[in-house]
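# A structural walkthrough
Read off the chains here:
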Amino acid sequence: MAQAIDGLRHGWPIALAKAGTLLPIETTLAREATADRLLISAARAATLKLANQLEAAVPHSPVMIRGAEPFDLDLATAVADPALDLKHPLKGPFKAEPIAWESDAATALELARIAGILPAFMVAPDAAGEAQSVSPDDLSAWEDPAALHIATRAQLPIAAREDSEIVVFRKPDDMREHCALIVGRQSADAIPLVRLHSECLTGDILGSLKCDCGPQLDAALARMAAEAENGGYGVLLYMRQEGRGIGLVNKMRAYRLQDQGFDTVEANERLGLPDESRDFTTAARMLRLLGIGEVRLLTNNTRKVAALEEEKISIAERVAHALPANPFNQRYLDTKRDRAGHLLP
Ligand SMILES: Nc1nc2c(ncn2[C@@H]2O[C@H](COP(=O)(O)OP(=O)(O)OP(=O)(O)O)[C@@H](O)[C@H]2O)c(=O)[nH]1
Ligand SMILES: [Zn+2]
């Protein structure tokens, strides 16, 4: 799995038992490759008016398309990348074809998401180079949070609270290192105030006004420090799942689409990516490894509450975590409330 993910970022093909060789259109090094068929997502196919309604109902499910002529890389790229839609109207005609290897196809699209590239492949291209074999079972094994363990921990005085500690987690096959920040002294007598915070480079580090992540992070640490002041403690789980799991490059592609008028959910759909692809079972595993089974969860997102409960973490209380809007994130917050079920004013 690790090699397949890495390979896709490098532009190397993958091979699945029934699907055969699949070449990642965005990154491929085989610039001369051509193929009769492409594998894309239903949402992308719907944008190109190629998916039937049933397929389009699950936006990131796989769809295979065939053109009148074989696809070269220019044409395949125009199909794959919605950024080119305005300046590169597609030639066509293309038609959707049934896929006899649905689970391989879904695995390939999921691998593209994990690698942070566009979910689009040439199917059985004529020239591809050596492919990395991978299977749906490899993906399930890779996703299993049981392999996550504590790699190390250290005292980390932070501005909000000096007696804080950082715990860093690792999984053998995964380069992403999640961490937990324990604010104040952990004790069995208190139910901690816990925040699951997903990485947002633009909001957390650069002070982006397009989302609420930066202010939420600061406010969470301040609230945890106040807990610690009163004998309790807080735990911030910093999850390396940028852009709700689509990665920084694809999140910025989504931002470009948002500038064209699409909301945050529609933008992900146009890219052929799920609007929510985070894995909250990993967060539950981190809490367990810290010896925490009950939490007061700081969130507006009911999916986080449900996901932790599903993993048998008790939620003693959901603590609302809404922060003032600004002109740049108002629409994003409205969309979270109206389309993603967040409990926001
Ligand atoms: N794909 C995508 N991701 C975004 C966008 N804006 C912010 N994000 C990501 O959304 C995630 C927000 O994570 P959280 O604040 O932990 O969670 P939440 O679902 O907003 O729920 P709360 O706990 O109520 O804050 C981060 O990974 C951001 O990078 C966007 O427009 N598109
Ligand atoms: Zn953000």
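Residues numbered from 1 in each chain as written. Chains lettered and ligands numbered in written order. Predicted model: local features only at pLDDT ≥ 70, side-chain atom pairs only at ≥ 80, totals over all residues. Heavy atoms only, no water.

## Quick word on the UniProt feature "binding site: Zn(2+)" (unreviewed entry) in the protein chain
As annotated by UniProt and renumbered to match this structure, "binding site: Zn(2+)" (unreviewed entry) occupies Cys200, Cys211 and Cys213. Locating cysteine 200 in the fold gives a position in the loop between strand S11 (193–198) and helix H7 (201–205). Judged by relative accessible area, cysteine 200 falls into the buried class, the value being 4%. The contacts of cysteine 200, once residues within four sequence positions are left out, are Ile205, Cys211, Cys213, Tyr238, Glu242 and Lys251. Mapped onto the secondary structure, cysteine 213 falls in helix H8 (residues 213–229). Take cysteine 213: its relative accessible area is 12%, and that puts it in the buried class. Apart from the residues lying within four places of it in its own chain, the contact partners of cysteine 213 are His197, Cys200 and Asp204. (UniProt positions renumbered as here; feature names shortened; annotations may be inferred. Helix = DSSP H or I, 4+ residues; strand = E, 2+ residues; numbered from the N terminus. Buried < 20%, exposed > 50% of the residue type's maximum accessible area, 1.4 Å probe, protein only. Contact = heavy atoms within 4.5 Å.)

## A look at the environment of alanine 180
Note that alanine 180 resides in strand S10 (residues 179–183). Each C-alpha atom, one on alanine 180 and one on methionine 286, is 7.8 Å from the other, the two residues being 106 residues apart in sequence. In this structure alanine 180 touches Glu165, Ile166, Val167, Phe169, Val235, Leu236, Leu237, Met286 and Leu290, once residues within four positions along its chain are discounted.

## Re the sheet that holds strand S9 (residues 164–170)
Read from one edge of the open sheet, seven strands run S8-S9-S10-S12-S11-S13-S14, paired in mixed fashion. Of all strands in the sheet, those with a lone pairing partner are strand S8 (149–155) and strand S14 (314–319), marking the two edges. Averaged over all adjacent pairs, the angle separating strand axes in this sheet is 25°, with direction ignored. Of the pairings in the sheet, the one linking S10 to strand S12 (residues 234–239) comprises five bridges and is antiparallel in character. Bridging from a neighbouring strand, valine 183 pairs with glycine 234 of S12. Strand contacts of H8: S10, S11, S12, strand S13 (294–298) and S14, with the helix running at about 160° to S11, the strand carrying the most contacts. Packed onto the sheet, helix H12 (residues 281–289) meets S8, S9, S10, S11, S12 and S13 and runs at close to 140° relative to S12. (Pairing = 2+ DSSP bridges. Axes fitted to C-alpha atoms, helices over the stretch in contact; angles between N-to-C directions.)

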